[in-house]
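Each chain, letter by letter, is given below.
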Amino acid sequence: MASKKVIIVDDHTLFRNGLKLLINNTSDFRVVGEAADGRMFLDMLESDGLPDVVLLDINMPEMDGIEAAEAALSRYPGLPIITLSMYGEEDYYFKMVSSGVKGFVLKNSDIQEVVDAMESVAAGGTYFSQELLVNLVSNLRSTGSSSIVSDGEILSEREREILFLICKGLSNQEIGEELFISKRTVDKHRANILAKTNCKNTANLVVFAIKNHLVEI
């Protein structure tokens, strides 16, 4: 089986080289391109085609990760982008998710977590570092962010149970097994939750749930 193609977008050469070495030592992924800023990344997509996964830094010169993600996803909807994040960048998360980014991983994460994230988004899923989610919840609490909606108004008790498990990263099959219901039933509940919250995808849903205090991670 051919390795899945990865592009790394980060302005620090040493970081790119180290991450590239680690990724290329895995059996399922291979770095096929590197870019030092958003403009180089967009040019690379235009000339070299689409990868299976993009690892995208937020803070870069010329064009940052937010602008690059928005531009790339407007041209190539569904492009599997994982944001490479550092502590203190939580203010950018909602913008990145709204643009369609599929996941967030801390820059100091273990390589296995990076691989797990790549596997998830390459398969059409999402991935959020649990550490980042906990930090995001803490920041929302400390700033006194208020809920936009109350959980009683928008979701049923069963939907809230399923939402919590979605935020924990479980698949529909795993949620069904956890709650002793069929995958088809979970599929219907997930579709209803997305419709009720006006979220486009699971990534949007996770952030919506945290921002509105519908779940606690």
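Caption draft 1: Focus on helix α10 (residues 183–197). A rise of 1.5 Å per residue sets the reference length of α10, with its 15 residues, at 21 Å; its end C-alpha atoms lie 21 Å apart and thus fit the reference within 8%. Those residues of α10 that sit buried are Val 186, His 189, Arg 190, Ile 193, Leu 194 and Thr 197. Seen along its axis, α10 keeps its buried residues to an arc of 135°; they face one direction. Summarising the geometry of α10, the exposed residues directed more than 90 degrees from the buried face are Arg 184, Lys 188 and Ala 195.

Caption draft 2: Fine view of the nonpolar core. Judged by nonpolar contacts, the single largest core of 51 residues is most densely connected at Val 9, Phe 41, Leu 56, Leu 79, Ile 81, Leu 163 and Ile 175. Here the element with the most residues in this core is helix α11 (residues 202–211); it accounts for seven residues. With near-sequence residues (within four places) excluded, Val 9 lies in contact with Ala 35, Asp 37, Phe 41, Val 54, Leu 55, Leu 56, Asp 57 and Met 60.

Caption draft 3: Expanded view of α11. Taking burial as the measure, the 10 residues of α11 include nine buried ones, the bulk of the element. Residues of α11 that are buried: Thr 202, Ala 203, Asn 204, Leu 205, Val 206, Val 207, Phe 208, Ala 209 and Ile 210. His 213 sits one or two positions beyond α11 and adopts a positive phi of about 60°.

Caption draft 4: Representation of the side chain of Asp 57 within the structure. In this structure, Asp 57 sits in strand β3 (residues 53–57). Under the relative-accessibility criterion, Asp 57 is labelled buried at 2%. What Asp 57 contacts, discounting residues up to four positions off in sequence, is Val 9, Asp 10, Asp 11, Gly 65, Leu 84 and Lys 107.

Caption draft 5: Broad picture of the pattern of salt bridges. Following the criterion strictly, the structure yields seven salt bridges and no others. For the salt bridge of Asp 57 with Lys 107, the shortest nitrogen-to-oxygen distance reads 3.3 Å. A residue pair is termed long-range when its members are at least 10 positions apart, and Asp 57 in strand β3 and Lys 107 in the loop between β5 (103–106) and α5 (111–122) qualify at 50 residues. Here Lys 196 makes a salt bridge to Glu 159, at a shortest N to O gap of 2.9 Å.

Caption draft 6: Representation of the environment of Leu 21 in the model. Looking at the element boundaries, Leu 21 is found in helix α1 (residues 13–24). Taking C-alpha positions, Leu 21 is 8.7 Å from Val 31, a pair spaced 10 residues apart along the chain.

Caption draft 7: Up close: the sheet that holds strand β2 (residues 29–35). Strands sit in the order β2-β1-β3-β4-β5-β6 across an open sheet of six strands; the sheet is parallel. Strands with a single pairing partner mark the edges of an open sheet, and in this sheet they are β2 and β6 (127–128). In terms of strand pairing, strand β1 (residues 4–9) meets β3 through four bridges, oriented parallel. Paired with Val 6 across the bridge in β3 is Val 53.

Caption draft 8: Structural view of the packing of aromatic side chains. Summed over the entire model, instances satisfying the criterion amount to one aromatic pair. Aromatic side chains Phe 104 and Phe 128 sit 5.5 Å apart centroid to centroid with 35° between the ring planes, which places their arrangement in the tilted category. Highlighted residues: Phe 104 in strand β5 and Phe 128 in strand β6, separated in sequence by 24 residues. When sorted by exposure, Phe 104 lands in the same class as Phe 128, which is buried. Looking at Lys 4, its charged tip hangs above the ring of Phe 29, at a distance of 5.7 Å from the centre. We note Lys 107 situated over the ring of Phe 15; from NZ or CZ to the ring centre the distance is 4.8 Å.

What counts as what
Residues numbered from 1 in each chain as written. Predicted model: local features only at pLDDT ≥ 70, side-chain atom pairs only at ≥ 80, totals over all residues. Heavy atoms only, no water. Helix = DSSP H or I, 4+ residues; strand = E, 2+ residues; numbered from the N terminus. Expected span 1.5 Å × (residues − 1). Buried < 20%, exposed > 50% of the residue type's maximum accessible area, 1.4 Å probe, protein only. Arc of directions from axis to C-beta. Core = buried A, V, L, I, M, F, W, Y, C linked by side-chain atoms within 4.5 Å. Contact = heavy atoms within 4.5 Å. Salt bridge = Lys/Arg side-chain N within 4 Å of Asp/Glu carboxyl O. Pairing = 2+ DSSP bridges. Phe/Tyr/Trp six-rings, centres within 6.5 Å; stacked < 30°, edge-to-face > 60°. Lys NZ or Arg CZ within 6 Å of the ring centre and 35° of its normal.

Function-wise, these values are silent; they only describe arrangement.
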